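Overview (structure and organization)
Given next are the chains, with one letter for each unit.
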Amino acid sequence: MRETRSDGELLRVIAADGDRRAFEELYRRYAPWLAARLRGRCSDAGIVDDVVQETFLAVWRGNAKYREEGDVAGWLWRIGSRRLIDALRGDGARGRLRQTLARLRHRDEASAEERVLAGVEHGDLAGALVRLSPELRAVLQATVIDGLTTREAAVLLGIPPGTVKTRALRARKQLREALA
């Protein structure tokens, strides 16, 4: 029986030798997870599928270099989220219209993260979160739930890092006041 290789080992072999089996193993481990995460940000399944493929193509071609710092899943998420932003920006007015219509169509449907947060029964946390503006909730989702750094959240949300910090501080303050 063959021992399972670590993510770091797989990436080293892919980069050094172009090992197809290692690449396929990495893809099987992370492609479904990455697609699920991206679907939380984009309702267009075609765009999500393209972004997942582009993310793994960047790994295969060596365009994305893993520096053995941190979690491989986080590294893949950063690549994927950047590719998603590029795809949405590059899609032009028709893509933005499609996204807007998709959001309107699903306006009453809570995301998985929103359902989890709404289910939290600690004080009136769920109520306090609902009362936050969408901009503040988006920053909390990116930095707390998704675990992104300020810089990564800024890229994902398309706002400056300083704005991410300000909104995070404002969100924490409003939550503290609501829960006090």
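Attention in this report is confined to the structure presented alongside it. Because the structure is a prediction, the values reported are computed rather than measured.

Parameters and conventions
Residues numbered from 1 in each chain as written. Predicted model: local features only at pLDDT ≥ 70, side-chain atom pairs only at ≥ 80, totals over all residues. Heavy atoms only, no water. Buried < 20%, exposed > 50% of the residue type's maximum accessible area, 1.4 Å probe, protein only. Helix = DSSP H or I, 4+ residues; strand = E, 2+ residues; numbered from the N terminus. Phe/Tyr/Trp six-rings, centres within 6.5 Å; stacked < 30°, edge-to-face > 60°. Lys NZ or Arg CZ within 6 Å of the ring centre and 35° of its normal. Salt bridge = Lys/Arg side-chain N within 4 Å of Asp/Glu carboxyl O.

Right, let's talk about helix α9 (residues 150-157) for a bit. Taken as a whole, α9 has its buried residues at Glu-152, Ala-153, Ala-154 and Leu-156. Gly-158 occupies a position one or two residues after α9 and carries a positive phi of about 70°.

Taken as a whole and assessed by the stated rule, the structure comprises four aromatic pairs. Judged by centre distance (6.3 Å) and plane angle (75°), the ring pair of Phe-23 and Phe-56 falls under edge-to-face. Highlighted residues: Phe-23 in helix α2 (residues 20-39) and Phe-56 in helix α3 (residues 45-61), separated in sequence by 33 residues. With relative accessibility at 16%, the residue Phe-23 sits in the buried group. Residue Phe-56 is classed as buried on the basis of its relative accessible area of 1%. Directly above the ring of Trp-77 sits Arg-37, whose terminal nitrogen or CZ lies 4.4 Å from the centroid.

On to the pattern of salt bridges. Between side chains of opposite charge, a pair can form when the charged atoms approach closely. All told, the structure shown has six salt bridges when counted by the stated rule. One salt bridge in this structure joins Arg-5 and Glu-25, with 4.0 Å as the shortest N-O distance. Taken together, the residues span a long stretch of sequence, with Arg-5 in the segment before α1 (7-17) and Glu-25 in helix α2 at a distance of 20 residues. Close ionic contact of Glu-152 with Arg-78 constitutes a salt bridge, the shortest N to O distance being 3.0 Å. Here Glu-152 is found in helix α9, whereas its partner Arg-78 is found in helix α4 (residues 72-90), with 74 residues between them in sequence. Through salt bridges that share partners, Arg-5, Asp-7, Glu-25 and Arg-29 make up one connected network.

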